[in-house]
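Residues per chain are reported as follows:
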There are 2 protein chains.
Amino acid sequence: MNTFNYRLVLRVMGILVLIESAILLAISIIPIIYGENDVYFFTLSAFICFIFGGVALFLGRNHSPYIGKREGSVIVTFTWIIFTLFGLLPFYLSGSIPSFTDAFFETISGFTTTGASILNNIEELSHGMLFWRSMTHWMGGLGIIVISLAVLPVFGVSGTQLFAAESSGPTKDKIHPKINETAKRLFAIYIVLTFAETILLKFGGMNWFDAVCHSFATVATGGFSTKQASIGYWDSPYIQYVISIFMILSGINFSLYYFGLKNKWYKVRENEELRFYLITLLVFVIIVAISLIDFSRVQSLQTLEEAWRNSFFTVSSLMTTTGFATVDYMFWKPLTWVILLIVMLTGASAGSTSGGIKMIRVVISIKAIYFQFKQLIHPNAVFPIRYSSHTVREDIVTRVLAFTLLYLIIVTLGILVLAISGMGFLESIGGLITCLGGVGPGLGLVGPAGNFAYIPEFSKWFLSLIMLMGRLELFTVLLLFTPAFWKN
Amino acid sequence: MNTFNYRLVLRVMGILVLIESAILLAISIIPIIYGENDVYFFTLSAFICFIFGGVALFLGRNHSPYIGKREGSVIVTFTWIIFTLFGLLPFYLSGSIPSFTDAFFETISGFTTTGASILNNIEELSHGMLFWRSMTHWMGGLGIIVISLAVLPVFGVSGTQLFAAESSGPTKDKIHPKINETAKRLFAIYIVLTFAETILLKFGGMNWFDAVCHSFATVATGGFSTKQASIGYWDSPYIQYVISIFMILSGINFSLYYFGLKNKWYKVRENEELRFYLITLLVFVIIVAISLIDFSRVQSLQTLEEAWRNSFFTVSSLMTTTGFATVDYMFWKPLTWVILLIVMLTGASAGSTSGGIKMIRVVISIKAIYFQFKQLIHPNAVFPIRYSSHTVREDIVTRVLAFTLLYLIIVTLGILVLAISGMGFLESIGGLITCLGGVGPGLGLVGPAGNFAYIPEFSKWFLSLIMLMGRLELFTVLLLFTPAFWKN
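What counts as what
Residues numbered from 1 in each chain as written. Chains lettered and ligands numbered in written order. Predicted model: local features only at pLDDT ≥ 70, side-chain atom pairs only at ≥ 80, totals over all residues. Heavy atoms only, no water. Helix = DSSP H or I, 4+ residues; strand = E, 2+ residues; numbered from the N terminus. Rg over C-alpha atoms; globule rule 2.2 N^0.38 Å. Contact = heavy atoms within 4.5 Å. Areas by Shrake-Rupley, 256 points an atom, 1.4 Å probe, with all protein chains shown as cover. Buried area = accessible area lost by both parts, 1.4 Å probe. Salt bridge = Lys/Arg side-chain N within 4 Å of Asp/Glu carboxyl O. Polar contact = N/O pair within 3.5 Å; in protein donor to acceptor, adjacent residues only side chain to side chain. Nonpolar A, V, L, I, M, F, W, Y, C, P; charged D, E, K, R; others polar. Least-squares fit on C-alpha atoms with pLDDT ≥ 70 in both. Expected span 1.5 Å × (residues − 1). Buried < 20%, exposed > 50% of the residue type's maximum accessible area, 1.4 Å probe, protein only. Phe/Tyr/Trp six-rings, centres within 6.5 Å; stacked < 30°, edge-to-face > 60°. Lys NZ or Arg CZ within 6 Å of the ring centre and 35° of its normal.

Let's talk about the overall build of chain A
A tally of helices and strands in chain A yields 22 helices and 2 strands. For chain A, the C-alpha radius of gyration of 22 Å lies close to 23 Å, the compact-globule estimate for 488 residues. Considering only C-alpha atoms, chain A reaches an extent of 65 × 60 × 50 Å along its principal axes. Sequence separation of 24 or more characterises 73% of the internal contacts of chain A that already satisfy a separation of 6 or more. Per element, the accessible surface of chain A, about 18,700 Å² overall, is 69% carbon and sulfur.

So this is what it looks like as structure tokens:
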């Protein structure tokens, strides 16, 4: 086996940090537009990125072209960490977020498109900082789409092979041209969705700044808002419906848009994940809406619409793992909390910006369990598991079951770690599930009306790791902790 | 395929109800000994059992000897229901438990060796009622040992095939003699454990009545006590240690005792489940004990011993799914609640009277997940999963993963149902996990200091079903709800 190609890794990291440098430099235009005095912090951050990126690029010169599984996993995982370490600079240098831990937490929460915040007063931040905060979502969302649909399948370290095998994803022998081609198309779809939502939000009365920032956070299923009250600030049904619908659209596998554009509608129609995702969403929206209606007295049509809308927005927001809020669901019945925790666990589709277990794995796990019953009844018959009219290989079924189980084990052990760190019972459960799934708000003090400012220092670092693990589908990060992975 | 052999099922049910009749009649000696006036209710219950049992036996005459999977599943599931329906008679007829729902809940909690109670004042009950209540545990525990180790493997509906294949269990071609032989040996081990504990408890200062009742509840890992304060009533370290050790012994696969008696010690030594069970238990006891020590001040050796003992007793009690209590862990830190919930989920060994997922499945699930990492690193190598120095077949690994996942899905959906029924968040989580695992105490109002008296009527019936499902390893009960199961 080849020795670890650290030069190549350095070179890739160098390029990525230079890209971050360019974006930070471009963002310094925002304080100029709004006449704010923090241009300096963006240019300084861009400069620091430029120096580090340049040095990494230089040290990584003359790299061999070999790129194996280890290099792939390290690049993917460290991309997020490096982006966070440099991305926190504007917040930290300007004193907008004075604690390094908090700045790290906020920034990785941005890049992993989680949206969990430590900010007590979001409106205090300058336009530049708010824009950069929303931008981390947008970059993270784009990154995960490109990585999960174009890059990861090549290294076989993704949980989405199943899906990849079905899409016209890249094959091992011709990596680069295919990665580029696929990535460009995904980028185009991503831009179109962001642009469409921005226009619709502007039309609904938001200013351009808020419209762009919220579109960034929606398409990335991130959840950072520019307002402390999140979407509740606008109190506009139109805006709530627009954002709900774009959250749902962003929870769809992006390659389905690609098939749609190519007129391969049968691919969309036969996609079981999409069907299951939309049906599950609808069922839970209806249950929650009913639980919000007070049947003991006659309701006006308006209060019924409000119950429907609040449920529709909240369930969509949490299932797509966005995390925007219009109401504080901690005032709802505990039964809704359980439903909200369930949709935070499942998440939306693979190949979207959403997090969680992903619907495709939920569908296959349920089929595998049902299959056990059929097998018990007819022990000698063979029942292949079919998904979207293809037969799923036995070893992939095992992998999906192992993933889903590992996810739930990490949830349980993670809650234990949070509880040990001193967080309350509700906070540990809600905080862990929301961060692992990349959602944002949890339960109790870390619920939609609260934030993560007051949790212990250790919990913030632990949840940062959890956000990263969740974003990278567990295996990619956990592999790095596996000794066998590093043996030659 | 044969039509459903209802005559055979009736006959088996008839025999079982006649056995219950005989036991109820035998128990009427208790009120006579203690000079209590409820002999009548036991003899009346015995008489009702006798009539119904006799009629069933008569209707089931001339049955064909055919017994298939459907007959097996129906017999196993209905045995528990029928036993409960007749077993609640003394409580209900005498007015000791005036509500039918409560009487059903208490009795099925007894037979499934759960130990969740609706009684507010246990000491109010007569000696006869208390003895019958403990006896339901003992019968249920014996039943599950015989069914899971001797009967179920024959029908292929058990989750313990893996284990069964390894033990000298019965084979399909010679059912009856083998079932009887195996059952007799298990019965003997069960009696010896009960007898030994009774003597040791009597020696520690309990009276014979309490010693016998608590031995019944320990060996069955049930948890009903004759005192409202449970084991806390005695305040005797000796009694607490004796019960702890017998709970742990009762959580061991009973066939290991059998191998031990046959001098096949290598079978005991190579058993991974036993090793994993004892190590996990020890680790959690130590963590909880440390969390109970107040490090801010110097402790006497006595308070350290007390912390150790309270942790040892509580973790053993909940991990073996017994449910005895000496202290109210709701006053402990939330971190201990998470640990206690984890051990309630895992349970102890397959082939014991304990409930939960069972350690053997936990071990194999963890290995299967680790195997995925190895597979990612070396995609072309083959890594067979080994357990107790045997290779585990791929389809059994899938079955184990599917079971563990199904268990966790039922936990989540069950919590949702309890929350919908109006129970609180803590109560829904604790109540569901404790009843599915066959433990007893949950969290909050249904914690060790509370009981299930005040939960909604619907929740009581739902939790009764959950106790039954947990006891019969999910598949046996759920199969009955599968339409394909009933198709010819």
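Back to the text.
Thoughts on the interface of chain A and chain B
Residue-level contacts link 46 residues of chain A with 45 residues of chain B. Of the roughly 4,500 Å² buried where chain A meets chain B, counting both sides, 83% is carbon and sulfur surface. The largest per-residue losses of area from chain A upon contact with chain B belong to Phe373(A), Leu376(A) and Phe425(A), which jointly make up 17% of the total buried on that side. Counting across the interface, chain A meets chain B through 0 salt bridges. Linking chain A to chain B there are 4 residue pairs in polar contact (both at pLDDT 80 or more). Going through the elements one at a time, helix H16 (334–346), helix H17 (359–377), helix H18 (394–420), helix H19 (425–437), helix H21 (475–480) and helix H22 (483–486) of chain A are the ones with two or more residues in the side of chain A that touches chain B. Considering every element that reaches the side of chain A that touches chain B, the biggest residue donor is H18(A), with 17 residues. When its residues are assigned to classes, the side of chain A that touches chain B shows 35 nonpolar, 8 polar and 3 charged.

Describing the relation of the copies chain A and chain B
With an RMSD of 0.0 Å, the fit of chain A onto chain B corresponds to turning through 180° and sliding 0.0 Å along the axis. Here the two chains are linked by the operation of a two-fold rotation axis. When the interface residues of chain A are mapped onto chain B, 98% of them again lie at the interface, so the same face is used by both copies.

What to know about helix H14 (residues 272–292) of chain A
Residues and elements named next belong to chain A. With 21 residues, H14 extends 30 Å from end C-alpha to end C-alpha; this agrees with the ideal 30 Å at 1.5 Å per step. For H14, the set of buried residues is Glu272, Glu273, Leu274, Tyr277, Thr280, Leu281, Phe284, Val285, Val288, Ala289 and Ser291. Measuring from the backbone nitrogen of Glu273 back to the side-chain oxygen at the start of H14 gives 3.1 Å, which picks out Asn271 as the cap.

Quick word on the packing of aromatic side chains
Counted according to the given criterion, the structure contains 48 aromatic pairs over all chains. Note on Phe105(A) and Phe452(A): the rings are 5.6 Å apart at their centroids and 35° apart in plane angle, and the pair reads as tilted. With Phe105(A) in helix H6 (residues 100–111) and Phe452(A) in the loop between H19 and helix H20 (457–471), this residue pair connects regions lying 347 residues apart in the sequence. The pair Phe105(A) / Phe452(A) is uniform in exposure class, with both members buried. Taken together, Tyr34(A), Phe131(A), Trp138(A), Phe187(A), Tyr190(A), Phe209(A), Phe216(A), Phe254(A) and Tyr257(A) form an aromatic cluster joined through their ring pairs. Its end group placed over the ring of Phe403(A), Arg361(A) keeps NZ or CZ at 3.6 Å from the ring centre. Over the ring of Phe224(B) we find Arg133(B); its NZ or CZ atom is 3.9 Å from the centre of that ring.

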